[in-house]
Structures are given as structure tokens and as C-alpha cells.
Amino acid sequence: MGKRLLPVLLVTAASLAATTAEAKTVIHMMHQGDPGWVKAYAEVAKRFEEANPDVDIEFIYAPHDAYNEKFSAAVMSKQLPDIMEIDAPFLANYAWSGYLRPIKSLIDKDVIDDMTSSNVSQGTYPVDKELYAVGLTDSSVVLYGNKKYLEAIGARIPKSVDDAWTKEEFEGYLEKLSRLGGVKWPIDTFRGYGIKTEWITYAYGPLLESAGCDLIDRKTWKATGTLDSDACVAALTMMQTWVKNGWVVPGSSGTNQFYTEGRPAALALGGHWFYAEAAAAMKDEIVVMPLPKLGDKGVSPNGTWIWGITKTSEHPDVAGKFLSFLLKDKDYREYAKHESAFPGLKSFAQSSPLYAPGGAMAVAFEQASKTAVARPPHPAYPAITSAFMQAVDKAFNGGDVKQALSEAAQKIDEDIEDNDGYPPFDSLQ
């Protein structure tokens with residue numbers, strides 16, 4: 001009798017196991033990032049699942065350069081994840097398109113209260129002022145310098161944002177560095193990233209804005225008359241001259257000529273994340289400075305990859321619970337610190353000596369409160385950044401600056417017109 005019952009018992013146990021598995025809530029999370037970050041997310045998910053055995057976190061990885069394309073494919077196939085990583089300037093487009101839901105009520109209150117003003121800004125949709133995304137980090141770009149080279153030309157080393165190099169100083173130092181032995185290129189602006197990433201708009205845009213330019217009029221939301229204005233033409237012509245003079249590392253030389261062997265580039269226009277590897281290679285050879293002031297004001301970028309919850313998620317409460325867990329996870333924060341992550345939460349900033357007063361990257365954190373300007377928070381941003389990057393690429397390859405910017409402005413305005421002004425943005429003037 002016992003033997004006859006055994007198969008039945010085995011089947012019953014299997015059925016129970018299957019039922020338990022089926023009862024689990026599955027949260028799909030779409031993200032990008034290098035292998036280190038991928039591993040960090042997986043480890044946090046494992047800890048969360050151990051604390052919440054009724055939940056499975058499943059990841060959907062998309063390469064950084066192809067992230068938006070993969071997200072578009074998910075939209076077309078109606079298979080949006082529960083959680084998606086969002087490059088901050090694209091948030092307005094995703095919120096306007098109806099892909100995201102407000103998340104303030106879904107994230108732990110202590111996390112919301114912990115956000116820096118810049119973090120709140122990058123996750124907020126300008127129409128309804130609702131918070132649609134949150135992150136541990138924000139971002140900035142600084143000017144890195146080789147101390148030995150700068151001392152050799154007698155360059156002044158700025159200590160704060162208020163002390164940034166002027167246009168005259170900056171171009172004067174570039175010229176002197178071009179004649180200094182050992183320097184092949186005065187500056188690496190990481191042209192090697194190409195025009196498939198956000199780098200050109202993110203890093204070069206603030207330089208042009210500092211010189212009096214902007215990508216679009218942020219009241220009328222018209223690009224013609226702004227992006228192709230005299231100020232923008234002069235600013236991009238200035239950068240084109242740097243390239244023509246041979247001062248800028250060409251795109252064909254890759255994405256790092258600053259701390260590579262031989263130190264061929266004396267300066268680097270690099271993101272905050274660049275510091276970790278550069279400092280490890282250069283030790284006390286490296287100096288961190290604010291971006292130069294190329295006009296009447298200094299301008300720096302902000303905005304990074306942050307987390308949102310999709311409107312189609314069937315379990316937004318669980319998704320919010322996991323995001324809260326992720327942002328408070330101690331090991332995740334330790335990894336982020338190891339990667340010189342730029343703090344977007346006040347508690348993370350307090351535990352990040354790199355960005356504290358006197359820290360090596362303190363000037364980057366100072367820029368966040370004094371000079372940071374977000375990329376245009378408009379649903380047309382994908383068209384804005386694409387057109388601008390193509391214009392810069394044409395200029396850097398010797399094209400006519402005025403023509404390149406005029407064509408870019410026209411493409412942006414046509415996109416906005418094709419979408420009837422992206423209402424309600426058409427009524428926000």
C-alpha cells in the first residue's frame with residue numbers, strides 16, 4: 001500500500017512545488033551598464049529574494065548604446081518591464097508617451113526625503129510636476145588635468161567653481177600645451193564615444209551654453225533662431241577651431257588618451273565616473289578642476305540613469321519595494337562608491353568622502369548646486385539630441401557650422417510640428 005501511495009505523494013509534492021512557483025510575483029527589470037553594475041544588481045536582487053521569497057526579480061539587459069532601440073522594441077511588442085532604467089533627459093518623452101507612472105507613493109518615504117534637489121529635478125516631469133523616477137546617483141562632467149604638464153606651462157589650478165578658467169585662459173593653456181614636449185594632444189574630449197551615445201549633447205552642450213548658446217528656446221520650444229543663432233555658431237566654431245588646430249584627440253584614437261601609457265593627452269573633459277580609473281593609474285599626477293567658463297557664466301551637466309516604474313506593471317507596489325531596497329542596500333552603495341558614483345541621495349553623499357569638502361571630486365558636487373543645467377526636459381528630446389550630435393559631428397569633421405546648426409534646428413522643429421507641439425507642451429509657453 002505504501003508503495004502504491006508513493007507515486008501519488010510524489011505527484012502531489014511536485015504539484016505543490018509548481019503551485020508555489022506559480023504563486024511567485026515576477027518583477028522584470030530592464031537596465032544597461034557594464035559587467036560590474038550588472039553583477040551588483042544581481043547580488044541585490046538575490047538579497048531581496050531571500051528576504052521576500054514570494055518574489056522573483058528577472059533582468060532584461062540592453063547594451064548602453066542600444067538601450068533606447070531595445071526599449072522601443074519592447075514598446076512595439078507590448079512587453080514593457082515593470083522597472084526600467086531611464087536616461088534622465090528622456091524621461092519627459094517616456095512620461096508624455098504614457099509609459100511611466102508617478103512613483104512617489106511607491107517608494108519608501110525615507111528614500112524620497114533623502115533625494116538631493118538635483119535628483120528630484122532629473123526625475124520630475126515638468127508638466128504635472130510629479131516624480132516619475134529615482135536613483136542613487138546623479139552626474140557631472142569636470143576637467144581633469146595632468147599636474148606635471150600644467151605645472152610645466154605655469155597654468156593656474158582652479159580650486160572651486162567660482163575660480164574656473166576663463167575662455168582666454170583655457171585656450172591659452174591649450175595652445176601652450178600643444179607646444180609642450182610629451183603632449184601629443186592638449187585635450188581628450190572623448191570623441192571616440194561617437195554619436196550613438198548621449199556624450200556629445202551631455203558633455204559638449206554645457207560648453208556651448210556657457211558661451212551663450214542653447215539647444216532650443218526653453219519657453220517657445222523652437223530651435224530655429226536659438227540653436228542656429230550667432231552665439232551658437234560662434235561657440236561651435238570655437239570648438240571646431242580646437243579640432244582644426246590638432247588640440248583635440250580624434251575619435252579614431254579611442255576613448256582614453258589621458259591616463260593611458262605615455263600620457264599623450266594633457267587634459268580630459270570627462271564624466272565623474274572617469275575619476276576612479278584615472279586616479280588609480282595616475283595617483284597624485286591627476287588634478288580635478290571645474291569646467292571652464294567660456295562666456296558670462298559657468299555651465300555643467302546633470303542627469304544620469306535613474307529608475308522608473310511602467311504604467312503597465314501589474315505589481316507596481318512590489319516594484320517600488322524592490323527599488324527602495326536597492327537604493328538603501330549597503331553593498332550596492334559600497335560598489336557605487338568604488339566606481340566614484342556621484343551622489344543623488346544626501347545620505348550617500350555624507351558617506352562619500354570623494355565628494356565631501358576637501359575631497360578629490362568636491363568641485364563636481366559643487367557644480368551640481370551652482371552651474372548644473374539639465375538637458376531640455378521636452379518630449380522631443382530624442383530628436384533634439386540626435387540632431388545636435390549630428391551637427392557637432394559635421395562641424396568637427398570640417399563642415400560648415402552655420403549650415404550644420406540650421407539643419408539641426410530645422411529637424412527639431414519639424415519633429416515638434418509633426419507631433420502637434422507635443423501637447424500640453426504647446427501651451428506651456
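Source: prediction; values computed, not measured.

About the thresholds
- Residues numbered from 1 in each chain as written.
- Predicted model: local features only at pLDDT ≥ 70, side-chain atom pairs only at ≥ 80, totals over all residues.
- Heavy atoms only, no water.
- Disulfide = S-S within 2.5 Å.
- Helix = DSSP H or I, 4+ residues; strand = E, 2+ residues; numbered from the N terminus.
- Axes fitted to C-alpha atoms, helices over the stretch in contact; angles between N-to-C directions.
- Parallel < 35°, antiparallel > 145°, perpendicular 65-115°, else oblique.
- Left-handed = near helix turned anticlockwise from the far one by under 90°.
- Contact = heavy atoms within 4.5 Å.
- Buried < 20%, exposed > 50% of the residue type's maximum accessible area, 1.4 Å probe, protein only.
- Domains from an automatic or database assignment.
- Buried area = accessible area lost by both parts, 1.4 Å probe.
- Salt bridge = Lys/Arg side-chain N within 4 Å of Asp/Glu carboxyl O.
- Polar contact = N/O pair within 3.5 Å; in protein donor to acceptor, adjacent residues only side chain to side chain.
- Nonpolar A, V, L, I, M, F, W, Y, C, P; charged D, E, K, R; others polar.
- Lys, Arg positive; Asp, Glu negative; His and termini not counted.
- Patch = residues over 30% accessible without salt bridge, like charges linked within 9 Å, V, L, I, M, F, W, Y side chains within 5 Å.
- Areas by Shrake-Rupley, 256 points an atom, 1.4 Å probe, with all protein chains shown as cover.
- Charge placed at Lys NZ, Arg CZ, Asp CG, Glu CD.
- Phe/Tyr/Trp six-rings, centres within 6.5 Å; stacked < 30°, edge-to-face > 60°.

Asks: Would you mind showing me how to read the state of the cysteines here?
Replies: Here is the idea: a disulfide is a covalent bond, and it sits between the sulfur atoms of two cysteines. As enumerated under the stated definition, the model contains 1 disulfide in all. Linked covalently through their sulfurs, Cys213 and Cys232 form a disulfide whose S-S length is 1.9 Å. What sets the handedness of the Cys213 and Cys232 disulfide is the S-S torsion sign, and at about 95° it is right-handed. One end of the pair, Cys213, is in the loop between helix H9 (199–210) and helix H10 (230–244); the other, Cys232, is in helix H10, with 19 residues separating them in the sequence.

Asks: In this structure, what is going on with the packing of helix H16 (residues 381–396) against helix H17 (residues 401–418)? I would like to understand it.
Replies: A pair of packed helices is captured by two measures, namely the crossing angle of their axes and the spacing between those axes. Where H16 meets H17, the closest approach of the two axes is 9 Å, and the angle between their N-to-C directions is 170°. For the element pair H16 / H17, the angle class is roughly antiparallel. By crossing handedness, the relation of H16 to H17 is classed as right-handed. Taking contact as the criterion, the partners of Ala383, Ile384, Ala387, Phe388, Gln390, Ala391, Lys394 and Ala395 in H16 are, on H17, Val401, Ala404, Leu405, Glu407, Ala408, Lys411, Ile412 and Asp415.

Asks: Just to check I follow, could you spell out unusual backbone geometry for this structure?
Replies: Glycine aside, the phi torsion of most residues is negative, and most peptide linkages are trans. Each neighbour pair has its own omega, and for Pro423 with Pro424 the value is 10°, a cis peptide bond. Residue position: Pro424 is located in the segment after H17. Despite not being glycine, Trp221 has its phi angle at roughly 55°, a positive value. Looking at the secondary structure, you find Trp221 in the loop between H9 and H10. A positive phi angle is found at Asp420, which is not glycine, with a value near 55°. Following the sequence through the fold, Asp420 ends up in the segment after H17. Residue Asp420 is classed as exposed on the basis of its relative accessible area of 60%.

Asks: How should I be thinking about the domain arrangement of the chain in this particular structure?
Replies: How big an interface is tends to be stated in terms of accessible area lost as the parts join. Taken as a whole, the chain is organised into domain 1 (25–139 + 303–352) and domain 2 (142–301 + 377–427). Where domain 1 abuts domain 2, roughly 1500 Å² becomes buried across the two surfaces, and 67% of that area is made up of carbon and sulfur atoms. Counting across the domain 1 and domain 2 interface gives 0 salt bridges. Run the count over domain 1 and domain 2 and you get 4 residue pairs in polar contact (both at pLDDT 80 or more). No other element matches helix H4 (residues 91–96), which puts 3 residues into the side of domain 1 that touches domain 2. Of the residues in the side of domain 1 that touches domain 2, the class split is 9 nonpolar, 6 polar and 4 charged.

Asks: Mind showing me how you'd approach helix H15 (residues 362–370) here?
Replies: For the α-helix, the turn length of 3.6 residues means that residues three or four positions removed from each other point alike. For H15, every residue scored as buried is listed here: Ala362, Val363, Ala364, Glu366 and Gln367. Elements in contact with the buried residues of H15: strand E6 (141–146), strand E9 (286–289) and strand E11 (342–343).

Asks: Please explain the side chain of Asp188 as it appears in this structure.
Replies: With respect to the secondary-structure elements, Asp188 resides in strand E7 (residues 185–188). For the buried Asp188, no salt bridge exists, and the shortest N-O distance to an oppositely charged side chain is 8.5 Å, to Arg191. Polar contacts involving the side chain of Asp188 include one to the main-chain amide nitrogen of Phe190, which spans 2.9 Å. Those residues in contact with Asp188 that sit more than four places away from it in its chain are Val249, Thr255, Asn256, Gln257, Phe258, Ala265, Leu267, Ala268 and Leu269.

Asks: Would you explain a negative patch on the surface in this entry?
Replies: A cluster of like negative charges, contributed by Glu414, Glu417, Asp418, Asp420 and Asp426, occupies part of the molecular surface. When you line up the elements, Asp426 lands in the segment after H17. Judged by its relative accessible area of 38%, Asp426 falls in the partly exposed class.

Asks: Would you mind showing me how to read the packing of aromatic side chains here?
Replies: Geometry of an aromatic ring pair is reported as the spacing of the ring centres plus the angle between the planes. This structure, assessed with the given rule, holds 34 aromatic pairs. With a centroid separation of 5.8 Å and 80° between ring planes, the pair formed by Tyr125 and Tyr132 is classed as edge-to-face. A residue is classified by how much of its surface remains accessible, and Tyr132, at 7% relative accessible area, is buried. On the numbers, 6.1 Å between centres and 55° between planes, the contact of Trp199 with Tyr202 is tilted. Of this pair, Trp199 and Tyr202 both sit in helix H9, separated by 3 residues, roughly a single helical turn. Since its relative accessible area comes to 5%, Trp199 is described here as buried. Tyr202 sits in the buried class, given a relative accessible area of 5%. An aromatic cluster is present here, built from Tyr144, Phe190, Tyr193, Trp199, Tyr202, Phe258, Tyr259, Trp273 and Phe274 joined pairwise through their rings.

Asks: Could you clarify how one ought to interpret the pattern of salt bridges in this entry?
Replies: Side chains that differ in charge, positive against negative, can pair when their charged atoms come close. Under the definition given, this model contains 20 salt bridges. Across the pair Arg156 and Asp163 runs a salt bridge, and its minimum N-O distance is 2.8 Å. Classification of Arg156 by relative accessible area gives partly exposed; the value is 29%. Classification of Asp163 by relative accessible area gives partly exposed; the value is 30%. One network of salt bridges, with partners in common, ties together Arg47, Asp329 and Asp331.

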